[in-house]
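Descriptive structure summary
Below are the chains, spelled out letter by letter.
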Amino acid sequence: MSELDDPGDGKSKKKRGRPGRPPAPNKKPRKSPLEKCPMGVQRGRKANGMAQQNGEGDPVTLFEVVKQGKSAMQSVVDDWIESYKQDRDLALLDLINFFIQCSGCKGTVRIEMFRNMQNAEIIRKMTEEFDEDSGDYPLTISGPLWKKFRYNFCEFICVLIRQCQYSIIYDEYMMDTVISLLTGLSDSQVRAFRHTSTLAAMKLMTALVNVALNLSINQDNTQRQYETERNKMVGKRANEKLELLLQRRKELQENQDEIENMMNSIFKGIFVHRYRDAIAEIRAICIEEIGVWMKMYSDAFLNDSYLKYVGWTLHDRQGEVRLKCLKALQNLYTNRELFPKLELFTNRFKDRIVSMTLDKEYDVAVEAIRLVTLILQGSEDALSNEDCENVYHLVYSAHRPVAVAAGEFLHRKLFSRHDPQAEEALAKRRGRSSPNGNLIRMLVLFFLESELHEHAAYLVDSLWESSQELLKDWECMTELLLEEPVQGEEVLSDRQESALIELTICTIRQAAEAHPPVGRGTGKRVLTAKERKTQIDDKNKLTEHFIMALPMLLSKYQTDAEKVANLLQIPQYFDLDVYSAGRMEKHLDALLKQIKFVVEKHTDMEVLEACSKTYSILCSEEYTIMNRVDIGRSQLIDELAERFNHSVEELLQAGEEADDDDIYNVLSTLKKLTAFHNAHDLTRWDLFGNCYRLLRTGIEQGSMPEQIAVQALQCSHYSILWQLVKITEGAPSKDDLLALRRVVKSFLAVCQQCLSNVNTPVKEQAFMLLCDLLMIFSHQLTTGSREGLQPLVFNPDSSLQNELLNFILDHVFIDQDDENQSIEGDEEDEANKIEALHKRRNLLAAFSKLIIYDIVDMPAAADIFKHYMKYYNDYGDIIKETLSKTRQTDKILCAKTLILSLQQLFNELIQDQGPNLDRTSSHVSGIKELARRFALTFGLDQIKTREAVATLHKDGIEFAFKYQNPKGPEYPPPNLAFLEVLCEFSSNLRCTLHSYLEKFMTEQMMERREDIWLPLISYRNSLLTGGDEDRMSITSGSSTRCLKVSSHGLFCVWCRGSAEESVESSWMMRNDTLQTPGALQTPQLTSTVLRENPRQAAEHLPEQNSERGLMEDDAEPIFEDVMMSSRGQLEDMSEEFEDTMVIDLPPSRNRRERAELRPDFFDSAAMIEDESVRMNRQGFNLLYKYRITLPCIIFAE
């Protein structure tokens, strides 16, 4: 029941503060606790206010009732109001214990404590009774029950104020007690108290704002009634009604003053301290609620005195707080009537809001863009051109929500200000069916000005949700491309036509596939029924339109390679059934005619491959048009093959006297046949024979043009693969297998001979094809019940392996300067350098696969592993993956390969510097650093890697003592310094190798202590201590772990170790038991000791990135007032925005007595990380790699 019928309590005024006991003369005789409590509250209650369970286990406290949420909240509040009317002390004691228990405290406030102790004393007592074993409390515990509890907790407070809004909240006892308690709790060092009381106070404030709003409305209504009655004639005026209205207006004004005092107490006593609390969630609560107040009661709260807190908090270091600020502002900017009140705020904080569109937190960036869009809708003059440009480029972001929000902004800015009537008049005058011509032109201009022409798909995807109708207007796009220029009207330029065609292709793809482009999203999601229907409708629409329009477009742009290549992508998105269902075969014939014309006119591989792919799509067996297309394709290939055979004969007959026309005829037809052979089986035209003749002639005479050789190699490769497909799909005879084997063998021999060609493109093509064919025709060909294909298996001999390895060393592990010199001194731009690096990475990856799949002997990998540090930035990921896979294949052999690579580097160093090495030089340090990296790859499980590491040590010891010093036994062996490199692997050793080392040592060696014997001394010591449990890091390494003691006396990790160590430790999971093979010999002709220009592995070492320190998520409150803006701005704002409310309550003692409280053992926020907001943000493409978030100051109270 409500307390509307409560008998009138006295309205006598008294000072606000923590209520004491009522004066003695007015005190009523007190009843016993059982007599005073209503039925819903008295069950299980002791006289001292402690709760207990009844026999049936029903909830007996407010906390239990609210937590379980089984009762309607209004009935719970009505029961409490009834108990308050009977004995307000016990009812308030229930409410106080409710807040204490909601904080997770096990203690209970007793009636004697409530009557005789101050708030600070009660809170100190409750702090002592807090459960110190766990930092969790109801508001932070996960699970559906506690999530519902938070909702019930907030609802209880709102319903409580709503039910008490007519009398009880004005009795100067209940609200004073609650506000005073929450103020004290919010000032506590215990996080649970601060968090819970702040949430309660903010919800209490929201409920009071609602009451104040109702009072304001009632006041206005009463004032209007009074004015109306007073303006009546004297004879008709009702004086009694006027007196009643005056009395009601006075009561409403008094109530309004009371509510304002309460709100002022909460705002000044709690909000202004907690909005800068050390806990982000507490700050977020404050900002979220002040946004509600400003929207709910804008006349009172939507002014600069309150807006400044939201503006300052825009600089908060936690994303969730910044997010609450933006959402609060969105609710305000949505209402255009509020814009005049937001004008000063917009001018002051607009730059910060625009900069937040580049926030490192994607959710924050999305909401910032939406807020900027709302500002744009309210006032276009509020944003400058520079502000808009900062948002425009976000349409190319790799993060789709950010891009979509930016697309909405772009749509509002560019496409919402056109005149529809003028557009329709222009379209009618030009004979267009759509009025969107100027909008599409505007989109093309924006795309060209953005200078990100490779990302049209991203732009279309960003605008797809906001401008879908415009992007699907393919009729208008086609009309713009096909229309003839008219005098007085500007036509599309060549660049604009190319851009429009590219955008058209992207819109077609987006509509047909109904998913974002590659790079946006985690993958293809399952479409809903509505989305699937839309996709089908769009596909039918674009098919019906472009079936007729595409031949005309190809006819107009048939000589432009770029435009034709793009246009030929359209048929792959067709619903090809429309050709036969709509009886549109004539349009199919027109399309085939245009494609054939394009093939005859062009030699660009991109265009030819597009034609080949189009024929492949149209020739699908599932469609009835397949026969018609197959006939056209066969006729085209017949003509090309006949022309190719004739031109080859002429070229071979001419020999060295062949002119440019003979070469062009062969090259042009060979390019076309190669492009078609990639997607079509052309074996019946026997292209391999003439291609092989061209290659043999080129090898024998050495005069074959490189482009012809490259295309002949590729075409022969396709021919072999199609023959293999035919054999694997059928039941081949022995003769078929032998015939294919002869073909493959002869082609491999040609490719091997091409490795010594003077032309780099020919060599690279031959190398890639060799690697691919060796992989395809390896021992894995017979797996899966295909033992009959054994005759086709090829195993490369040692000479071929050496040639492949030498090719890698000569063409992959080269310096950029060497590469530039090899290209006749031409300066490459950045794009060409990236392309060249990509090509070299492909070469290395192709050879590494041969090693991983045991096609090339593993010791060949030593020449690759030794370049790990020097070329880490270019090939580090490839070499690391190769090392991982080879270790999974054979741990022992992999360990031998690693030590062999180090031995090769050491031999190179000896060859360059002589036997007297400077062990402190950068070259020696580089070898030791490489050894340290290799040691980290063995992981932490020393039992699994024990045998491999022991083998590595034995090979290293044998290498160190392999040669005797020619000066005599009293001098160290030439390779003794290698033991210092070997020390890097001692930490992975759990078995002693000391006895094995002593086999190579003489008694004189054991007694020597000179500097030249230090490598031996250091290595012996490392063997003796290498197996200790406490040896956690290598002394020469730069990766260390530090422990920092927090203020709670607990250890927390401050610095992480190297990321390399944690990632590479994944190799320790393999547990293969393999026998140790014999000593590993250096492969013939692979050791770089024999090379003319040995390279030093210590050069160009990548810098070690220092790890950032780890901080605890939360921090203990810092007791100083720190605002979120600069000090000058803060003072300026404080002078300009003075608060109008004056607090009447005396200051709480809690702040002064805070030092007496026990330390906060539950607040994981005992430390605050003092660092600037990280600037780098991943997710942008190319140009927009870095995102900016302005630095902020940490705030705490």
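Residues numbered from 1 in each chain as written. Predicted model: local features only at pLDDT ≥ 70, side-chain atom pairs only at ≥ 80, totals over all residues. Heavy atoms only, no water.

If you look the chain up in an unreviewed UniProt entry, it shows as Cohesin subunit SA from Cyprinus carpio. Word for word, the UniProt comment on the chain under Sequence similarities (unreviewed entry) is "Belongs to the SCC3 family." (UniProt positions renumbered as here; feature names shortened; annotations may be inferred.)

Further remarks concern the overall build of the chain. The number of helices and strands found in the chain is 50 helices and 2 strands. When each of the 1197 residues of the chain is scored for burial, the buried share is 52%. A fraction of 77% describes how many contacts in the chain between residues 6 or more apart in sequence connect residues 24 or more apart. Entry remark: accessible area of the chain is about 56800 Å², with carbon and sulfur atoms responsible for 48%. (Helix = DSSP H or I, 4+ residues; strand = E, 2+ residues; numbered from the N terminus. Buried < 20%, exposed > 50% of the residue type's maximum accessible area, 1.4 Å probe, protein only. Contact = heavy atoms within 4.5 Å. Areas by Shrake-Rupley, 256 points an atom, 1.4 Å probe, with all protein chains shown as cover.)

Moving on, we get to the pattern of salt bridges. In this structure the tally under the stated criterion is 34 salt bridges. Between Asp560 and Lys563 there is a salt bridge, with its nearest N and O atoms 2.6 Å apart. The exposure class assigned to Lys563 is buried, which follows from its relative accessible area of 1%. A salt bridge links Lys866 to Asp863; the nearest nitrogen and oxygen atoms lie 3.1 Å apart. A residue is classified by how much of its surface remains accessible, and Lys866, at 2% relative accessible area, is buried. Counted as one network, the salt bridges with shared partners bring together Arg400, Asp461, Glu465 and Arg520. (Salt bridge = Lys/Arg side-chain N within 4 Å of Asp/Glu carboxyl O.)

This paragraph deals with a negative patch on the surface. There is a patch of like negative charges on the surface, built from Glu251, Glu254, Asp257 and Glu260. Relative to the elements of secondary structure, Glu260 occurs in helix α11 (residues 239–274). Overall, Glu260 belongs to the partly exposed group, its relative accessible area being 32%. (Patch = residues over 30% accessible without salt bridge, like charges linked within 9 Å, V, L, I, M, F, W, Y side chains within 5 Å. Lys, Arg positive; Asp, Glu negative; His and termini not counted. Charge placed at Lys NZ, Arg CZ, Asp CG, Glu CD.)

Between the first and last C-alpha of helix α25 (residues 494–513) there are 29 Å, a value that for 20 residues agrees with the 28 Å anticipated at 1.5 Å per step. Counting buried residues in α25 gives 16 out of 20 residues, a clear majority hidden from the surface. Among the residues trailing α25, Ala514 stands out with phi positive, at a value near 60°. (Expected span 1.5 Å × (residues − 1).)

Next up on the list: the packing of helix α39 (residues 830–852) against helix α41 (residues 872–889). Running from amino to carboxyl end, α39 crosses α41 at an angle of 5°, the nearest separation of the two axes being 10 Å. Taken together, α39 and α41 sit at an angle that is classed as roughly parallel. The residues of α41 that touch α39, namely those facing Leu837, Arg840, Arg841, Leu844, Ala845, Ser848, Ile851 and Ile852, are Asp874, Tyr875, Asp877, Ile878, Ile879, Thr882, Lys885, Thr886 and Thr889. Among the residues making up the contact of α39 with α41, the classes are represented as 8 nonpolar, 4 polar and 5 charged. (Axes fitted to C-alpha atoms, helices over the stretch in contact; angles between N-to-C directions. Parallel < 35°, antiparallel > 145°, perpendicular 65-115°, else oblique. Nonpolar A, V, L, I, M, F, W, Y, C, P; charged D, E, K, R; others polar.)

A separate point is the packing of helix α31 (residues 626–654) against helix α33 (residues 687–701). Look at α31 against α33: their axes get within 11 Å of each other, and the N-to-C directions meet at 20°. Considering their axes alone, α31 and α33 lie roughly parallel with respect to each other. Note on packing geometry: the crossing formed by α31 with α33 is left-handed. For the pair formed by α31 and α33, the contact residues are Phe644, Asn645, Val648, Glu649, Leu651 and Leu652 on the first element and Leu687, Asn690, Cys691, Arg693, Leu694 and Thr697 on the second. (Left-handed = near helix turned anticlockwise from the far one by under 90°.)

Attention shifts here to helix α43 (residues 922–936). Between its terminal C-alpha atoms α43 stretches 21 Å, which fits the 21 Å expected from 15 residues at 1.5 Å a residue. Burial within α43 is extensive, with 11 of its 15 residues counted as buried. Among the residues of α43, Val924, Gly926, Ile927, Glu929, Leu930, Ala931, Arg932, Arg933, Phe934, Ala935 and Leu936 are the ones counted as buried.

Here we take up the side chain of Arg283. Along the chain, Arg283 falls in helix α12 (residues 280–296). Polar side-chain contacts of Arg283 include one of 2.6 Å to the backbone oxygen of Asp277. (Polar contact = N/O pair within 3.5 Å; in protein donor to acceptor, adjacent residues only side chain to side chain.)

This part covers the environment of Leu542. With respect to the secondary-structure elements, Leu542 resides in helix α26 (residues 529–556). It is 9.6 Å that separates the C-alpha atoms of Leu542 and Asp473, two residues lying 69 residues apart in sequence. Once residues lying within four places of it in the same chain are set aside, the contact partners of Leu542 are Trp474, Ile508, Ala511, Ala512, Tyr573 and Phe574.

Among all residues save glycine, negative phi is the norm, and among peptide bonds the norm is trans. Phi angles above zero are rare outside glycine, and Ala514 is one such case at about 60°. Positionally, Ala514 belongs in the loop between α25 and α26. Accessibility expressed as a relative area gives 28% for Ala514, which makes it partly exposed. Even without glycine at this site, Asp854 takes up a positive phi of about 60°. Relative to the assigned elements, Asp854 resides in the loop between α39 and α40 (862–865). In this structure Asp854 comes out as exposed when scored by relative accessible area, which is 53%.

One pass over the full model with this rule turns up 38 aromatic pairs. Taking 6.0 Å as the distance between ring centres and 50° as the angle between the ring planes, the aromatic pair formed by Tyr392 and Phe409 counts as tilted. In this pair, Tyr392 sits in helix α18 (residues 385–392) while Phe409 sits in helix α19 (residues 400–414), placing the two residues 17 residues apart along the sequence. The exposure classification of Tyr392 matches that of Phe409, with both residues buried. One aromatic cluster is present, formed by Phe267, Phe271, Tyr275, Trp293, Tyr297, Phe301, Tyr306, Tyr309 and Trp312 through successive ring pairs. (Phe/Tyr/Trp six-rings, centres within 6.5 Å; stacked < 30°, edge-to-face > 60°.)

A word on the environment of Gly269. Assignment of secondary structure puts Gly269 in helix α11. A sequence separation of 87 residues divides Gly269 from Leu182, and the C-alpha atoms of the two residues are 9.3 Å apart. In this structure Gly269 touches Thr183, Ser186 and Asn264, once residues within four positions along its chain are discounted.

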